[in-house]
Amino acid sequence: EPSSPNSSHNQAGRRWLSRVRSKSRARPPPTPPPELSYAEQMRIQALQEYQRRLAEPMVLNNEVLLSFASRMLVELTMRPYKTALTLHSKTFTADEFIEWCMRQPEVRDQCDALFLGNELLTRGIFLPVSYGTTDALFWTPTLKTGGATFRLVLKKKAQIVAAIWQTSDTSNG
């Protein structure tokens, strides 16, 4: 065949195609995944369990809240706190509350601890030390991480039962 510009172009294309195909065939086989140590396997298993728990919705009804608040009265370490005008007999910090919550079976993570704490705060079981009657007109207290001090308002189980059930009864109608 006579040598034409098109035939040399075709030959160069064929050579390029054969080189590309030979490189793709010469790839080494994929390496098998590395063996995981026992500690890594346990970490993965714990992470999968944690993700499974987070996927389930948190159960929060009056019985759970009552059980939680009753245990809080007994188990949470509280101490006296003195302001310029008042001595509060049972106080705790937000961080102490969250740390205690994290050891409870109902609580999956810090978000759950904050949610439960704010629910108890809303129902008036505890309040910030600095929260007075005039403050109630201007702001709603919230539980956040940090060293904010809270005082236990309802110190008897009967008072807690009344606060939990009363709030749910008034919200239902």
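As a starting point, this report considers the structure included with it. If you're wondering where the values come from, they're calculated on a predicted model, not measured in any experiment.

We now examine the overall build of the chain. Within the chain one finds 7 helices and 4 strands. The helix and strand sequence of the chain, counted from the amino end, reads α-α-α-β-β-α-α-β-α-β-α. Expressed as a percentage of the 173 residues in the chain, the buried residues total 29%. Summarising the internal contacts of the chain: among those between residues at least 6 apart in sequence, 66% fall at separations of at least 24. Of the roughly 12,300 Å² that the chain leaves accessible, carbon and sulfur atoms contribute 57%.

The subject of this paragraph is the sheet that holds strand β1 (residues 79-82). Taken in spatial order, the 4 strands of this open sheet run β1-β2-β4-β3, and their pairing is antiparallel. Two strands lie at the open edges of the sheet, namely β1 and β3 (126-128), each paired on one side alone. Neighbour-to-neighbour, the strand axes of the sheet open up by a mean angle of 50°, direction not taken into account. Examined bridge by bridge, β3 and strand β4 (residues 149-152) share 3 bridges and lie antiparallel to one another. Bridging from a neighbouring strand, P128 pairs with F150 of β4. Strand contacts of helix α4 (residues 94-101): β1, β2 (87-93), β3 and β4, with the helix running at about 55° to β2, the strand carrying the most contacts. Relative to the sheet, helix α5 (residues 110-122) contacts β3 and β4, its axis offset from that of β3 by approximately 95°.

The rules behind these values
Residues numbered from 1 in each chain as written. Predicted model: local features only at pLDDT ≥ 70, side-chain atom pairs only at ≥ 80, totals over all residues. Heavy atoms only, no water. Helix = DSSP H or I, 4+ residues; strand = E, 2+ residues; numbered from the N terminus. Buried < 20%, exposed > 50% of the residue type's maximum accessible area, 1.4 Å probe, protein only. Contact = heavy atoms within 4.5 Å. Areas by Shrake-Rupley, 256 points an atom, 1.4 Å probe, with all protein chains shown as cover. Pairing = 2+ DSSP bridges. Axes fitted to C-alpha atoms, helices over the stretch in contact; angles between N-to-C directions.

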